[in-house]
Amino acid sequence: MAETGKEETVSAEASGFSDLSDSEFLDLEDTQESSASLSKPGPSSELPRKDGKLICLPKGKRGLDVSSPMERFHLKYLYVTDLSTQNWCEQQMVYGKELPGFLTPEKAAVLDTGASIHLARELEVHDLVTVSITSKEDAWAVKFMNMLSMIPTLQAEGRIREFPVFGEVEGVLLVGVIDELHYTPKGELELVELKTRRRPMLPLEAQKKKDCFQVSLYKYIFDAMVQGKVTTASLIHHTKLCPEKPLGPSVLRHAQQGGFSVTSLGDLLELVILSLTLSDLPVIDILKIEYIHQQTATVLGSEIVTFEEKELRSKVQHYMAYWVGHREPQGVDVEEAWKCRTCNYADICEWRKGGGVHSSMLETQAKKAK
């Protein structure tokens with residue numbers, strides 16, 4: 001939301017729109033092999049946390065757990081990057097959920113750098129102001145105000161960055177953040193996803209595949225939003241937010257200063273839905289991924305992504321089947337066993353131990369990938 005030229009913002013994580021927008025977490029050429037960054041896990045399947053203490057992986061067959069992963073991880077919705085990480089390795093994504101306290105210092109540093117670059121680009125188009133919040137409803141309300149302030153800019157064919165998206169896909173609520181939206185000289189709406197690289201080289205094709213899936217999913221959700229396919233009832237149902245709850249004093253004051261006559265989250269959500277459906281915003285025409293070097297900000301290259309809706313929906317249905325408990329998690333195929341060499345969970349991976357990927361094949365697959 002704008003106030004004296006500045007938009008309001010709160011923690012993205014608190015608002016429910018936190019979404020890893022970078023691919024550094026999976027940079028193969030930048031990541032040490034698991035043996036170099038981890039102590040060898042013992043028979044009890046333990047991993048060290050950042051503070052050196054051990055994390056025990058939950059024992060027992062997942063098949064004996066009657067709850068779905070959404071229930072087991074206490075999730076009301078998923079991030080777009082949850083599904084794009086599944087596209088890389090579903091089993092690795094699951095371990096990331098089961099062991100949330102584990103992140104190597106090397107990967108943490110890479111992610112911090114990428115986040116800083118994204119923030120700098122966001123500040124090129126607007127300033128940020130912190131708004132005090134008192135509830136989760138307040139946090140989402142501020143994001144809705146940000147959306148309301150960005151929609152007119154996009155209508156006027158301006159450039160916006162960090163635009164939240166949300167919508168129900170295959171019965172599950174997905175949320176995310178689009179890096180940038182702008183119009184080309186031909187008047188086409190283009191989505192640009194920034195991916196920073198620790199080393200001055202483009203990613204492997206497997207990484208590009210994951211990135212292409214991510215931007216395609218962003219388009220799918222955004223298009224549904226501007227076509228009136230997202231409803232207030234659906235969002236409230238999934239998030240369990242209280243639409244009638246009065247906004248906190250700070251949020252209410254900023255809403256009034258922004259010209260919004262609202263008193264509750266429900267009022268703001270109705271405004272967002274109306275603005276999206278009545279704004280005549282077009283669907284996204286072009287999907288572009290831009291890779292830049294972290295240290296020098298040099299553009300390494302870009303990819304124009306062809307949107308294949310049928311293929312996207314098929315993948316999403318497959319990934320969602322895991323989240324709703326219809327199937328067990330899967331690891332990589334034998335042809336992509338080289339991914340395991342840089343996975344922090346390789347030594348405890350049930351997929352590998354069960355024969356999904358045999359350790360003896362790792363060297364061969366890794367050599368073929370080079």
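It should be emphasised that the depicted structure is a prediction, and the values quoted were computed from it without experimental measurement.

A. The arrangement of the packing of aromatic side chains in detail. Evaluation of the coordinates by the stated rule reveals 10 aromatic pairs. Summarising the aromatic geometry, the rings of Tyr 77 and Tyr 79 are spaced 6.1 Å apart at their centres and angled 65° between planes, so their arrangement reads as edge-to-face. Take Tyr 77: its relative accessible area is 18%, and that puts it in the buried class. Ring geometry for Tyr 95 versus Tyr 345: centroids 5.4 Å apart, planes at 35°, classification tilted. Here the residue Tyr 95 occupies a position in helix H4 (residues 80-98), and Tyr 345 occupies one in the loop between helix H11 (309-323) and helix H12 (350-353), the gap between them amounting to 250 residues. Summarising the burial analysis for this pair, Tyr 95 and Tyr 345 share the class buried. Three or more aromatic residues link up through ring pairs in this structure, and these residues are Tyr 77, Tyr 79, Trp 140, Phe 144 and Phe 166.

B. Focus on the packing of helix H6 (residues 136-155) against helix H9 (residues 249-257). At a minimum axis distance of 10 Å, the contact between H6 and H9 shows a crossing angle of 15°. Judged on the interaxial angle alone, H9 and H6 are roughly parallel. Of the two elements, H6 crosses H9, and the hand of that crossing is left-handed. Here H6 contributes Asp 138, Ala 141, Val 142 and Met 145 to the contact with H9, which in turn contributes Val 251, His 254 and Ala 255.

C. The arrangement of the side chain of Thr 196 in detail. Structurally, Thr 196 can be placed in strand E9 (residues 189-197). Separated by 3.2 Å, the side chains of Thr 196 and Gln 294 make a polar contact.

D. Expanded view of empty space enclosed by the protein. Following the criterion strictly, the structure yields five cavities of 30 Å³ or more and no others. For the lining of the largest cavity, the secondary structure elements donating two or more residues are H4 and H12. Of the residues forming the lining of the largest cavity, the biggest block, four residues, is contributed by H4. Broken down by class, the residue content of the lining of the largest cavity amounts to nine nonpolar, three polar and two charged.

E. Highlighting helix H8 (residues 232-239). Counting buried positions along H8 gives six out of eight residues, so the element sits mostly inside the fold. Every buried residue belonging to H8 is among Thr 232, Ser 234, Leu 235, Ile 236, His 238 and Thr 239, and all of these are buried. Considering only its buried residues, H8 is in contact with H6, strand E7 (160-169), strand E8 (172-183) and helix H10 (265-278). Looking one or two residues past H8, Lys 240 carries a phi angle of roughly 60°, positive in sign.

F. Main features of the state of the cysteines. Scanning the model with the defined rule gives zero disulfides in all. Looking at the unpaired Cys 340, the closest cysteine sulfur is the one in Cys 349, lying at 6.3 Å. Residue classification places Cys 340 among the buried residues on the basis of a relative accessible area of 11%. Here Cys 343 is not cross-linked by a disulfide; its sulfur's nearest cysteine counterpart is in Cys 89, at 6.1 Å.

G. Highlighting unusual backbone geometry. Despite not being glycine, Glu 157 shows a phi value in the positive range, around 65°. Counting through the fold element by element, Glu 157 comes out in the loop between H6 and E7. The exposure class assigned to Glu 157 is exposed, which follows from its relative accessible area of 55%. Unlike most non-glycine residues, Lys 240 shows phi in positive territory, near 60°. Note on placement: Lys 240 falls in the loop between H8 and H9.

H. Region of the structure containing the pairing of strand E10 (residues 286-293). Among the eight residues that make up E10, seven are buried, leaving the element largely enclosed by the rest of the structure. Alignment of E9 against E10, held across eight bridges, turns out to be parallel. Looking at E10, one finds that Val 192 is bridged to Lys 288. Counting the residues that bridge the hairpin from E10 to strand E11 (residues 299-305) gives five residues, and of these Ala 297 lies at a positive phi of roughly 65°.

I. Up close: the nonpolar core. Leu 83, Phe 144, Phe 163, Phe 166, Leu 181 and Phe 222 are the most contacted members of the largest nonpolar core, which has 69 residues in total. Considering each element in turn, this core owes the most residues, 10 residues, to H6.

J. Looking closely at the pairing of E9. With nine of its nine residues buried, E9 lies for the most part within the structure. By the alternation rule, side chains of E9 split into Leu 189, Leu 191, Glu 193, Lys 195 and Arg 197 and Glu 190, Val 192, Leu 194 and Thr 196, which are all buried. Note that E8 and E9 share four bridges and pair antiparallel. Looking at E9, one finds that Tyr 183 is bridged to Leu 189. Between E8 and E9, which pair antiparallel one after the other, the connecting turn spans five residues, and Gly 187 there sits at a positive phi close to 85°.

K. Here's a closer look at the packing of H4 against helix H7 (residues 205-226). Closest axis-to-axis distance for the H4/H7 pair is 9 Å, and the angle between their directions is 150°. With respect to H7, the element H4 is oriented roughly antiparallel. Both H4 and H7 take part in a crossing whose hand is right-handed. For the pair H4 and H7, contact is made by Val 80, Thr 81, Leu 83, Ser 84, Thr 85, Asn 87 and Trp 88 and by Ala 206, Gln 207, Lys 209, Lys 210, Phe 213, Gln 214, Leu 217, Tyr 218 and Ile 221, respectively. For the contact of H4 with H7, the residue count by class is eight nonpolar, six polar and two charged.

Scoring rules and cut-offs
Residues numbered from 1 in each chain as written. Predicted model: local features only at pLDDT ≥ 70, side-chain atom pairs only at ≥ 80, totals over all residues. Heavy atoms only, no water. Phe/Tyr/Trp six-rings, centres within 6.5 Å; stacked < 30°, edge-to-face > 60°. Buried < 20%, exposed > 50% of the residue type's maximum accessible area, 1.4 Å probe, protein only. Helix = DSSP H or I, 4+ residues; strand = E, 2+ residues; numbered from the N terminus. Axes fitted to C-alpha atoms, helices over the stretch in contact; angles between N-to-C directions. Parallel < 35°, antiparallel > 145°, perpendicular 65-115°, else oblique. Left-handed = near helix turned anticlockwise from the far one by under 90°. Contact = heavy atoms within 4.5 Å. Polar contact = N/O pair within 3.5 Å; in protein donor to acceptor, adjacent residues only side chain to side chain. 1 Å grid on protein atoms, 1.4 Å probe; cavity = no way out; pocket = protein on both sides within 12 Å on 5 of 7 lines; lining within 4 Å. Points joined across faces, edges and corners; volume = space filled by probe spheres on them. Nonpolar A, V, L, I, M, F, W, Y, C, P; charged D, E, K, R; others polar. Disulfide = S-S within 2.5 Å. Pairing = 2+ DSSP bridges. Core = buried A, V, L, I, M, F, W, Y, C linked by side-chain atoms within 4.5 Å.

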